[in-house]
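Per-entry structural report
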Amino acid sequence: QVQLVESGGGLVQAGGSLRLSCAASGRTSSNYAMGWFRQAPGKEREFVAAIRWSNAVTWYADSVKGRFTISRDNAKNTVFLQMNSLTPEDTAVYYCAAGFPTLPRLERSYKYWGQGTQVTVSS
């Protein structure tokens, strides 16, 4: 029903920045929320940020608050994650998700997922 494609990952040095994008296609709803999660090898997937599509209310993990910014472009059905002041601890595969979450920080709240994009931060 909905396909999500992430882009913008890559290799950066500590202190650098990256901007991730997630484009949605297929049937969508204005009531959707979209979020970003990340997973490093051997670790559980963790919440990063989310945004309510209708009014752009946002949520952030404590670990990224003040460094990352989530935003949306309604016309393009695209969500962005601006990542600044990156550290090696931010290295992970970043996944975009969409759904109707009542609890936006929980992975199980989202129905649709992208394939992920690798972010690597060197020290």
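Notes on the structure in this doc start here.

Conventions adopted
- Along each chain, residue indices are assigned from 1 in the same order as the chain's sequence is written.
- Only residues with pLDDT of at least 70 get local features here, since the model is predicted, and only at 80 or more are side-chain atom pairs given and counted; chain-wide, interface and lining totals rely on the full set of residues.
- As a rule here, side-chain values come from all non-hydrogen atoms in the structure, and water together with hydrogens is ignored.
- The set of buried Ala, Val, Leu, Ile, Met, Phe, Trp, Tyr and Cys residues whose side-chain atoms join them within 4.5 Å is what this entry labels a nonpolar core.
- Only protein chains enter the accessibility calculation, which uses a 1.4 Å probe; a residue is then buried when its area is under 20% of its type maximum, exposed when over 50%, and partly exposed in between.
- We call two residues contacting when some pair of their heavy atoms lies within 4.5 Å.
- In this analysis, strands are considered paired if DSSP registers two or more bridges between them.
- Labels follow the DSSP assignment, with helices taken as runs of H or I lasting at least four residues and strands as runs of E lasting at least two, numbered in each case from the N terminus.
- Count a disulfide wherever a pair of cysteine sulfur atoms falls within 2.5 Å.
- Interaxial angles span 0 to 180 degrees and are taken between N-to-C directions of axes, which are lines fitted to C-alpha atoms, for helices over the stretch in contact.

**Some points on the nonpolar core**
One finds Leu 4, Trp 36, Val 79, Leu 81, Met 83 and Tyr 94 to be the most contacted residues of the largest nonpolar core, which totals 37 residues. In this view, Tyr 94 contacts Glu 6, Leu 20, Trp 36, Phe 37, Arg 38, Val 48, Phe 68, Leu 81, Met 83, Gly 116, Thr 117 and Val 119; residues no more than four positions away in its chain are not counted.

**Considerations on the pairing of strand E3 (residues 18-26)**
The pairing of strand E1 (residues 2-7) with E3 spans 6 bridges and is antiparallel. In the strand pairing of E3, Ser 7 is matched with Ser 21. Summarising the sheet, E3 and strand E8 (residues 78-83) pair through 6 bridges and their orientation is antiparallel. The residue bridging Ser 21 from the neighbouring strand is Phe 80, located in E8.

**As for the state of the cysteines**
Across all of its chains, the model carries 1 disulfide by this definition. Each sulfur of the disulfide joining Cys 22 and Cys 96 lies 2.1 Å from the other. A torsion of -85° about the S-S bond marks the disulfide between Cys 22 and Cys 96 as left-handed. Of this pair, Cys 22 sits in strand E3 while Cys 96 is found in strand E9 (residues 92-99), placing the two residues 74 residues apart along the sequence. Both residues of the pair, Cys 22 and Cys 96, count as buried.

**As for the sheet that holds strand E7 (residues 68-73)**
The 4 strands lie next to each other as E1-E3-E8-E7, forming an open sheet whose pairing is antiparallel. What marks the edges here is a single partner per strand, and that holds for E1 and E7. Between one strand and the next, the sheet's axes are offset by a mean angle of 15°, whatever the strand orientation.

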